[in-house]
Amino acid sequence: MSASLNAVAATTVTTAQDSACAEPLAVLGRDVTVPLVTGGEVTYAALDYAASAPALQRVWDDVAAYAPYYGSVHRGAGYLSQLSTDLFEQSRATVAEFLDCRPGDQVVFTRSTTDSLNLLAAVLPAGCQVFVFETEHHASLLPWTNAQVTYLNAPRTPAEAVATLERALADREPYGPALVCVTGASNVTGELWPVKELAAAAHAHGARIVLDAAQLAPHHPVSVRDLDVDWVAFSGHKLYAPFGSGVLAGRADWLQEAEPYLAGGGASRKVSRREDGGVDVEWHTTAARHEAGSPNVIGVYSIASACRALSEAGFDNLVAREQQLVTRVREGLAEVPAVRVLSLFGDDAPRVGVISFVVDGWNSSHFAAALSAEYGIGVRDGLFCAHPLVRTLLGSEPQAQGECGAPEAAPGERSLNAIRVSFGAGTPDEHVERFVRAVKELVADGAKWQYRTEEGRCVPAV
């Protein structure tokens, strides 16, 4: 069994190993061409990694090699079921190694970061207080509906973030279980947060901490042990593994003591009828307790494949190359006076390849639509599922409607939205150069095409 499994896993093992700092990793879609409204076609520049990163070619090849061996997990006695079960559990071990988990930590497979944090919210002990900055993505801002939540104001320096948290934890009453939720890298500004310092502050005040690593894990190594976080959550689709799977990894006690997140097969160890007609259930105490139903073995294996590929490529190389791209984009945008880059911690703050900005005289949706239609560049516009943060960063500055005002503001409200460009290990230099050139041309010359609002989106007028 193990020999066959190793053969499946080894079919594409060399894909990522020889990546150098100067070369992007191979991803799907790198040769896709798209039409331009002005005529002709161009290779698509995917610069929306913060929403969903393209699949690594390595991940796709690994999944394709495994697909003929696909079978039910933890359910069957047949060869393919046994092989798939081994693959599933080996993937769990691979993710634990990738995250540098501690002995005794559990790796639970979920659907996404959102699902992971909702799972953690569901297992909080009674009376738990939750502390979360208003700067969080909605996945980590909103799940805590059954807890007493303290929302902390946006800090303007990393030191202020730590001090704000320390004050809030010191003042809490009653002094019971507490959880801090914090992002590792902002999905709006790309800025790195002082996770290790926040973890130390949390533990000093008897609280635990969960790290939302959705935007951190694809760009930087994440060590549960070194950061001293209690849990970490991330999504496969941002880690170059877009098959609908996610991870919650960390301390087992709260997970083991709570009722299963979902009730059903897989979570239950033993079920029996009682004489009074009811049912007694003995639940698993392993990660399976919160993995009811047939698991997404393809998604799980794709995450493990991405973890291996990134580790083999070497994060030192990946980080160095990405920082070159960050510098090029920031320097290019700085040459355009009409552009304002959004930031909490200032220009010198370390960051990943996520940059949001606004352009004077343009509605952000209009600008993003022109980048797509006239240059073949895919970016994101809006509030990025981090509405309080973007509104804080934009302040009271109104945005001009330009020719196209999508998304439309409600009557009496200002249109608040920004443009986000994001990139990573698979981004070619040409995509970044084309983006910088396109921004300068649009600001200097305006759009070459007419645009209109259709169903809340800005689109080229036909």
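Residues numbered from 1 in each chain as written. Predicted model: local features only at pLDDT ≥ 70, side-chain atom pairs only at ≥ 80, totals over all residues. Heavy atoms only, no water.

**Q** Is there a simple way to explain the overall build of the protein in this structure?
**A** Helix and strand content of the protein: 14 helices and 19 strands. The C-alpha radius of gyration computed for the protein amounts to 23 Å, which stays within 12% of the reference 23 Å derived for 462 residues, consistent with globular compactness. Projected onto its principal axes, the C-alpha coordinates of the protein cover approximately 75 × 55 × 45 Å. Within the protein, the fraction of its 462 residues that count as buried is 54%. Excluding contacts between residues fewer than 6 apart, the proportion of contacts in the protein whose partners are at least 24 apart in sequence is 72%. (Helix = DSSP H or I, 4+ residues; strand = E, 2+ residues; numbered from the N terminus. Rg over C-alpha atoms; globule rule 2.2 N^0.38 Å. Buried < 20%, exposed > 50% of the residue type's maximum accessible area, 1.4 Å probe, protein only. Contact = heavy atoms within 4.5 Å.)

**Q** Looking at this model, I keep getting lost on the pattern of salt bridges. Mind explaining?
**A** Where charged atoms from two side chains of opposite charge come close, those side chains can pair. Considering all chains together, one arrives at 23 salt bridges under this definition. Where K196 meets D226, a salt bridge forms, and the shortest distance between an N and an O atom there is 3.2 Å. Separated by 30 residues along the polypeptide, K196 in helix α7 (residues 195-204) and D226 in helix α8 (residues 224-227) bring together distant segments of the chain. Judged by its relative accessible area of 44%, D226 falls in the partly exposed class. Across the pair K440 and E335 runs a salt bridge whose closest N-O atoms are separated by 2.3 Å. Here the residue K440 occupies a position in helix α14 (residues 429-445), and E335 occupies one in the loop between α11 (315-334) and β13 (339-341), the gap between them amounting to 105 residues. Its relative accessible area of 30% is what places K440 among the partly exposed residues. Judged by relative accessible area, E335 falls into the partly exposed class, the value being 49%. Beyond isolated ion pairs, a larger network of salt bridges with shared partners links R58, D62, R308 and E312. (Salt bridge = Lys/Arg side-chain N within 4 Å of Asp/Glu carboxyl O.)

**Q** Looking at this structure, how should I read the environment of A26?
**A** Along the polypeptide, A26 turns up in the loop between α1 (2-9) and β1 (33-35). Overall, A26 belongs to the partly exposed group, its relative accessible area being 30%. For the pair A26 and A214, spaced 188 residues apart in the sequence, the C-alpha separation amounts to 21 Å.

**Q** Before we go on, may I ask you to explain a nonpolar patch on the surface in this structure?
**A** A grouping of Y69, Y79 and L80 is seen on the molecular surface, where their side chains present a nonpolar patch of about 260 Å² in accessible area. If you trace the backbone, Y69 turns up in the loop between α2 (57-66) and α3 (79-98). (Patch = residues over 30% accessible without salt bridge, like charges linked within 9 Å, V, L, I, M, F, W, Y side chains within 5 Å. Areas by Shrake-Rupley, 256 points an atom, 1.4 Å probe, with all protein chains shown as cover.)

**Q** How should the sheet that holds strand β9 (residues 231-235) be read in this particular structure?
**A** Two pairing modes exist for strands in a sheet, parallel and antiparallel, and in both the strands are linked by backbone hydrogen bonds. Judged by pairing direction, the sheet is mixed, and its seven strands sit side by side in the order β4-β10-β9-β8-β7-β5-β6 without closing on themselves. Two strands in the sheet have a free side with no partner beyond their single neighbour: β4 (106-110) and β6 (148-152). Neighbouring strand axes in the sheet, compared pairwise and without regard to direction, differ in orientation by 20° on average. As paired elements, strand β5 (residues 129-133) and β6 share five bridges and run parallel to each other. From the neighbouring strand, Q129 faces β6, where its bridge partner is Q148. Packing of α3 onto the sheet brings it into contact with β4, β9 and β10 (246-250), and relative to β4 it is tilted by some 115°. Its contacts with the sheet put helix α4 (residues 113-122) on β4, β7 (178-183), β8 (208-212), β9 and β10, and the angle it makes with β9 is roughly 150°. (Pairing = 2+ DSSP bridges. Axes fitted to C-alpha atoms, helices over the stretch in contact; angles between N-to-C directions.)

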